[in-house]
Amino acid sequence: MRAPAGHELRALVEPLSPALHRASAALWRPEGLRERYARYLTTMHAVIRASVPLMELAARRCRALPSDPGAPGIAGEPGADALAGFLDAHIDRERHHDDWLLDDLAAVGLDPARAFEEPPSAAVARLVGAPYYWVSHHHPAALLGYILVLELHAPHAALPALLAERTGLPPAAFDSVRLHAEADPGHSAEVVAALDAGVTTERARRAARLSALHTVAALLDVLAELSAAPPLLTPATLLTPAAPTAPKEARTP
């Protein structure tokens, strides 16, 4: 007998966890960590501020499934109500988590407005943008694959103290990491249960599976980007007008 969708998806994703753990270890290496942590905060703010709007969109799509004339083949989806109920509850738990990151930026000594100054990177857009597309134009169950990967890889409880030791920053700079480490244990089990109850068709299973695998790959790209030195050229820098260059004859020899 085939396993329920949530257990099947967790069994698919968990063997990929070592790659994400290695990428996280590279991100948290001691050298250059203080500057890298500030980039982490702005990057994760770009990711997390999309969470509630994404879930609200998916909940609306779930409720539209039984009578959605534009989605042939999924009208009357049996698990749609269960998925919508899970998303409603998860929205309440996740609301304002992006504000935690802004508070951490202030504790680092940076202006929280920094999180809004430049467009998020292409890697962040790939991570967050794909669920938006799949939820809007294919099936809202895709969001459950995205959520499961993120919940399975919540921060470890020991991470805030380790980061404080390696960076010399005050403990208040790591509240978002600490609060997620405290709040997220058990959430992955809730996502698995929601998948088991709400993902009851092959179309929904495929959507969740594709989204989960994409999320692992895209999250690895985000972590690799954060671990590397800031790139010399990004879409943002290419769009920024260069400072005028002095005429050749006016330059100092």
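In what follows, the structure referred to is the one given above.
Residues numbered from 1 in each chain as written. Predicted model: local features only at pLDDT ≥ 70, side-chain atom pairs only at ≥ 80, totals over all residues. Heavy atoms only, no water.

(A) Quick look at the environment of Pro4. For Pro4, the position within the fold is in the segment before α1 (5–13). Look at Pro4 and you get partly exposed, because its relative accessible area is 39%. Along the sequence, Pro4 and Thr200 sit 196 residues apart, while their C-alpha atoms lie 8.3 Å from each other. If we skip the residues at most four places from it in the chain, Pro4 touches Asp196 and Arg205. (Helix = DSSP H or I, 4+ residues; strand = E, 2+ residues; numbered from the N terminus. Buried < 20%, exposed > 50% of the residue type's maximum accessible area, 1.4 Å probe, protein only. Contact = heavy atoms within 4.5 Å.)

(B) Quick peek at the packing of helix α4 (residues 51–64) against helix α5 (residues 80–94). At a minimum axis separation of 9 Å, α4 and α5 run at an interaxial angle of 160 degrees. Relative to α5, α4 is oriented roughly antiparallel. In this structure, the crossing between α4 and α5 has a hand that is left-handed. Counting all contacts with α4, which are made through Val52, Met55, Glu56, Ala58, Ala59, Cys62 and Arg63, the residues of α5 involved are Ala80, Leu83, Ala84, Leu87, Asp88, His90, Ile91 and Glu94. Considered class by class, the residues forming the contact of α4 with α5 number 10 nonpolar, 1 polar and 4 charged. (Axes fitted to C-alpha atoms, helices over the stretch in contact; angles between N-to-C directions. Parallel < 35°, antiparallel > 145°, perpendicular 65-115°, else oblique. Left-handed = near helix turned anticlockwise from the far one by under 90°. Nonpolar A, V, L, I, M, F, W, Y, C, P; charged D, E, K, R; others polar.)

(C) Structural detail: the pattern of salt bridges. All chains considered together, the criterion is met by 13 salt bridges. In this structure, Glu202 and Arg2 form a salt bridge, with 2.8 Å as the shortest nitrogen-oxygen distance. Of this pair, Glu202 sits in helix α12 (residues 202–227) while Arg2 is found in the segment before α1, placing the two residues 200 residues apart along the sequence. Judged by its relative accessible area of 33%, Glu202 is partly exposed. Exposure remark for Arg2: the relative accessible area of 42% places this residue in the partly exposed category. Here Arg95 makes a salt bridge to Glu56, at a shortest N to O gap of 3.7 Å. Of this pair, Arg95 sits in the loop between α5 and α6 (97–108) while Glu56 sits in helix α4, and the two are 39 residues apart along the sequence. (Salt bridge = Lys/Arg side-chain N within 4 Å of Asp/Glu carboxyl O.)

(D) Fine view of the nonpolar core. Membership of the largest hydrophobic core comes to 67 residues, with the highest contact counts inside it found for Tyr37, Tyr40, Leu87 and Leu143. When residues in this core are grouped by element, the largest group, 9 residues, is from α12. (Core = buried A, V, L, I, M, F, W, Y, C linked by side-chain atoms within 4.5 Å.)

(E) A look at α4. Helix length check: α4 (14 residues) gives 20 Å between terminal C-alpha atoms against 20 Å at 1.5 Å per residue, within 8%. Residues Ser51, Val52, Leu54, Met55, Leu57, Ala58, Ala59, Arg61 and Cys62 constitute the buried set of α4. For α4, the elements touching its buried residues are α3 (33–48), α5, α7 (122–137) and α8 (142–152). (Expected span 1.5 Å × (residues − 1).)

(F) Quick look at the environment of Ala208. For Ala208, the position within the fold is in helix α12. Using a relative accessible area of 3% as the deciding quantity, one classes Ala208 as buried. Separated by 199 residues in the primary sequence, Ala208 and Leu9 have C-alpha atoms spaced 7.9 Å apart. Beyond its immediate chain neighbours, meaning those up to four positions away, Ala208 contacts Leu9, Ala141, Ala142, Gly145 and Leu195.

(G) Looking closely at the packing of α1 against helix α11 (residues 187–198). Viewed as axis vectors pointing N to C, α1 and α11 meet at an angle of 130 degrees, and their least axial separation amounts to 6 Å. In terms of axis orientation, α1 runs oblique to α11. Only Ser188, Ala189, Val192, Leu195 and Asp196 of α11 make contact with α1, whose side of the interface consists of Ala5, Gly6, His7, Leu9 and Arg10. Residues belonging to the contact of α1 with α11 are distributed by class as follows: 5 nonpolar, 3 polar and 2 charged.

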